[in-house]
Amino acid sequence: MLEIAVQMDPLERINFSGDSTFALMLEAKRRGHRLWFYTPDLLSLEGGRLTARAHHIDVFDDPSRWFALGEAQEIDLITMDVVLLRQDPPFDLAYITSTHFLERIQSRVLVVNDPGHVRNAPEKVFVMDFSDLMPPTLITRDRAAIERFRAKHGDIVMKPLYGHGGAAVFKVTPKDPNFGSLFDMFSATFREPWVAQQFLPEVAKGDKRIIFVDGEAMGAINRVPAQDDIRSNMVRGGAAAATNLSPREKEICARLGPELKKRGLIFVGIDVIDGRLTEINVTSPTGLRALKRVGGPDLAIPLFDAIETRLQALRAAG
C-alpha cells in the first residue's frame, strides 16, 4: 500500500463527472493505496520540514456521495510515497511557491508532475519551444506589437497567458471596434503579457485533446465548441467525441513525447486544432473521465502503472 497525498483545489469545486484528479483517486483506491487530501494553502515549511494539514479521504464513484473525509491532521510530506500536484491554475506566485516547497521532498517522494519542470513549463510558454508546430503566436502586452500581428494574420484569438478552462478567450477581427476596450481590460486585469494567436476557423470542427502518459500519446478526444462559441473546453459547453490521431498529429506527438518524459511530466494533455499545436497542459491536465465516457481507454490505469514504475526507480536510485 502506498501513501498518496493529493494537493488539489477545494473539493466543492470538483466536477464529479469530468474531473481527472477524481479519476486518479479512484484508481489509487482500486489498487489499495491510502489517500490524503489537502489544499495548497495548508502547506507549511518550518526549517527543513514540509507539512500539510490534511484529511484522509475515501472516494466513491457515486454522484450522490463521492467522497468522505477523516479528521484533519498534520502530516509530514516526507512520509508520503507520492504527491499528486493537481491544483488548477492560475499559475501565480502561490502556485510557484508550492512547487518550490515540493521540490524539497523530491529525493524521497515522487511528485507528479515534477514540480520544477511544471514551474518551468507553463502551458502557453513551454509550447513556444515547438513554434514550428503551432499557428503564428505572439506573447506580449505591447499594443503596437499586437496591432502589427493583427495586420499580418487577420482574425486572431487573445487569451490570458496563465488562464485555463477557456476563460477570457476572445476572437478579434482586423477591424474589430472592440479591440481598444478589450486591450484596456486585459491591461487592467493581467500584469503579465497575454497571448495573441492566429484564429483557426477549423476549431468549429473540434479542438483535439491528446493525453500523454510518461511521454507516450495514449488517447484523444475531439472537443467541439458549442454553437456561437469559439471555445471547445468542456467546462464552456464543448462536446466530447471519440477520435483517432491523424498522421500529422502522430508527428506532433513523436516530437513532444521524449521531451515530456525527460522532464518527468508523467500526465500531460496537449491541444491540437487542424494539425497545429496550441497548448501543452502540464499543471493539472484533464480529459481522463471524458475519454472513458466516450468509449476510450481508462488512462488512469497506465498513469498509475507509470507512477509506480517511477517510484520504484526513485527508491532504487536512493
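Residues numbered from 1 in each chain as written. Predicted model: local features only at pLDDT ≥ 70, side-chain atom pairs only at ≥ 80, totals over all residues. Heavy atoms only, no water.

### Section: the packing of aromatic side chains
Taken as a whole and assessed by the stated rule, the structure comprises 10 aromatic pairs. On the numbers, 5.0 Å between centres and 75 degrees between planes, the contact of Phe22 with Trp66 is edge-to-face. Of this pair, Phe22 sits in helix α1 (residues 20-30) while Trp66 sits in the loop between β4 (49-59) and β5 (67-76), placing them 44 residues apart in sequence. Note on accessibility: Phe22 and Trp66 belong to one class, buried. Where Phe186 meets Trp194, the ring centres are 5.4 Å apart and the plane angle is 70 degrees; that geometry is what we call edge-to-face. As far as the burial class goes, Phe186 and Trp194 line up, both buried. One aromatic cluster in this structure is built from Phe170, Phe179, Phe183, Phe186, Phe190 and Trp194. The residue whose ring lies beneath Arg143 is Phe183, and the NZ or CZ to ring-centre distance is 5.4 Å. Across the ring face of Phe16, the terminal group of Arg289 is positioned such that the distance to the ring centre comes to 5.1 Å. (Phe/Tyr/Trp six-rings, centres within 6.5 Å; stacked < 30°, edge-to-face > 60°. Helix = DSSP H or I, 4+ residues; strand = E, 2+ residues; numbered from the N terminus. Buried < 20%, exposed > 50% of the residue type's maximum accessible area, 1.4 Å probe, protein only. Lys NZ or Arg CZ within 6 Å of the ring centre and 35° of its normal.)

### With respect to helix α9 (residues 300-317)
For α9, built from 18 residues, the straight-helix expectation of 26 Å at 1.5 Å per residue is met to within 8% by its first-to-last C-alpha distance of 26 Å. Restricting attention to buried positions, one finds in α9 the residues Ala300, Pro302, Leu303, Phe304, Ala306, Ile307 and Leu311. (Expected span 1.5 Å × (residues − 1).)

### A look at the nonpolar core
Judged by nonpolar contacts, the single largest core of 39 residues is most densely connected at Leu77, Ile270, Leu277 and Ile280. Looking at this core, the elements with two or more residues in it are β2 (34-38), β4, β6 (82-85), α2 (93-103), β12 (207-213), α7 (247-262), β15 (267-273) and β16 (276-281). Looking at this core element by element, the count peaks at 4 residues for α7. Excluding anything up to four places from it in sequence, Ile280 contacts Glu123, Phe126, Val127, Phe130, Leu256, Leu260, Val268, Gly269 and Ile270. Membership of the second largest hydrophobic core comes to 37 residues, among which are Leu2, Leu11, Phe37 and Leu311. (Core = buried A, V, L, I, M, F, W, Y, C linked by side-chain atoms within 4.5 Å. Contact = heavy atoms within 4.5 Å.)

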